Amino acid sequence: MKNKKDENTEEQILEAAKNVFQSKGMNGARMQEIADKAGINKAMLHYYYRNKQLLFEAVFKNAFSLLAPQLNAVLNDDSSIEEKVKNFTFNYISFIVKHPYLPNFIIQELNRNPEFILKLKSNPSFPNLEKFSKQVKDEVENGTIKPISAEQLFMNIMALNIFPFVAKPLLMAFTNTDDTSYKQLIEERKTEVSNFIINSIKNS
């Protein structure tokens, strides 16, 4: 078992790395800068993490372990599909605003290493769609929502929430917005996305 000093050092490293990755991105981040920010030397940093990729994965897994239980809880609570869409969207966007590197990192890793998803699925809190799927089917059958499969609905939710983060530079150019204005647009999407999806599936 790691002693308390080792755990504290690792926590300092992960916090420093998270801050550097958020401000510089994966490509712009340097191990020396992360070591400096953590208050350790580069040799010590490499003792804990041999390279930047392993450190980035550790930061990601740490953040994902905070996000996954939130999303899984929403998918498996007893609220209606409408409430699930609202809560999932609000929780996801709120979280990614604080961890903006996550969506691009997932896409980057899946393109580079498709088996990366197996690492994510090993997390006990990885979102489970079983209850959500049954609920969508039930609400379609009783006429609460229009016919749609749970898979298509979930992909719609994910796509509308993720794309503004992974395509930020492109969308900022298209909409002619600066960083402050774009952050406001993202904040507005907490309700815009859920309203758009709910209006598209609910029976009037």
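Residues numbered from 1 in each chain as written. Predicted model: local features only at pLDDT ≥ 70, side-chain atom pairs only at ≥ 80, totals over all residues. Heavy atoms only, no water.

**So, the packing of helix 8 (residues 130–141) against helix 9 (residues 150–166)**
Phase 1: For the pair helix 8 and helix 9, interaxial distance at closest approach is 9 Å and the crossing angle is 110 degrees. Overall, the two elements helix 8 and helix 9 adopt an arrangement that is roughly perpendicular. The two elements helix 8 and helix 9 meet at a crossing, and its hand is right-handed. Along its contact with helix 8, which presents Phe132, Ser133 and Val136, the element helix 9 presents Ala150, Leu153, Phe154 and Ile157.
Phase 2: Here the residues of the contact of helix 8 with helix 9 sort into six nonpolar, one polar and no charged. (Axes fitted to C-alpha atoms, helices over the stretch in contact; angles between N-to-C directions. Helix = DSSP H or I, 4+ residues; strand = E, 2+ residues; numbered from the N terminus. Parallel < 35°, antiparallel > 145°, perpendicular 65-115°, else oblique. Left-handed = near helix turned anticlockwise from the far one by under 90°. Contact = heavy atoms within 4.5 Å. Nonpolar A, V, L, I, M, F, W, Y, C, P; charged D, E, K, R; others polar.)

**A short note on unusual backbone geometry**
Excluding glycine, a negative phi dihedral is what most residues carry, and trans is how most peptide bonds are arranged.
Phase 1: Of note in the backbone geometry, Asn176 takes a positive phi value of approximately 55 degrees without being a glycine.
Phase 2: Relative to the elements of secondary structure, Asn176 occurs in the loop between helix 10 (168–175) and helix 11 (179–201).

**Quick notes on the UniProt feature "domain: HTH tetR-type" (unreviewed entry) in the protein**
Phase 1: Per the UniProt record, "domain: HTH tetR-type" (unreviewed entry) is annotated on residues 7–67.
Phase 2: Within residues 7–67, the helical portion is 87% and the strand portion 0%, while the C-alpha atoms at the span's ends are 22 Å from each other. (UniProt positions renumbered as here; feature names shortened; annotations may be inferred.)

**Considerations on the pattern of salt bridges**
Phase 1: Using the criterion set out here, one finds 10 salt bridges in the structure.
Phase 2: Here Lys86 and Glu82 are joined by a salt bridge, their closest N and O atoms 3.6 Å apart. A residue pair is termed a helical-turn pair when its members lie 3 or 4 positions apart in one helix, as Lys86 and Glu82 do in helix 5 (residues 81–98) at four residues.
Phase 3: The class for Lys86 is partly exposed, based on a relative accessible area of 30%.
Phase 4: A relative accessible area of 31% means that Glu82 is categorised as partly exposed.
Phase 5: Between Asp138 and Lys134 there is a salt bridge, with the nearest N and O atoms lying 2.9 Å from each other. Remark: Lys134 and Asp138 occur in helix 8; sequence separation between them is four residues, near one turn of the helix. (Salt bridge = Lys/Arg side-chain N within 4 Å of Asp/Glu carboxyl O. Buried < 20%, exposed > 50% of the residue type's maximum accessible area, 1.4 Å probe, protein only.)

**Topic: helix 6 (residues 102–112)**
Phase 1: For helix 6, the complete set of buried residues consists of Leu102, Pro103, Phe105 and Glu109. In an axial view of helix 6, the angular spread of the buried residues amounts to 165 degrees, which keeps them on one side of the axis. (Arc of directions from axis to C-beta.)

**Quick word on the nonpolar core**
As a rule of thumb, nonpolar side chains are buried together in soluble globular proteins.
Phase 1: Phe21, Leu55 and Phe132 are the most contacted members of the largest nonpolar core, which totals 58 residues.
Phase 2: The element that contributes the greatest number of residues to this core is helix 4 (residues 52–76), accounting for 12 residues.
Phase 3: With residues up to four places along the chain from it excluded, the contact list for Leu55 reads Ile13, Leu14, Ala17, Phe21, Met31, Ile34, Leu45 and Tyr49. (Core = buried A, V, L, I, M, F, W, Y, C linked by side-chain atoms within 4.5 Å.)

**Remarks on helix 9**
Phase 1: End to end, helix 9 covers 24 Å across 17 residues, agreeing with the expected 24 Å (1.5 Å per residue, within 8%).
Phase 2: Among the residues of helix 9, those classed as buried are Ala150, Leu153, Phe154, Ile157, Met158, Asn161, Pro164 and Phe165.
Phase 3: The inward-facing, buried residues of helix 9 contact helix 4, helix 5, helix 6, helix 8, helix 10 and helix 11. (Expected span 1.5 Å × (residues − 1).)

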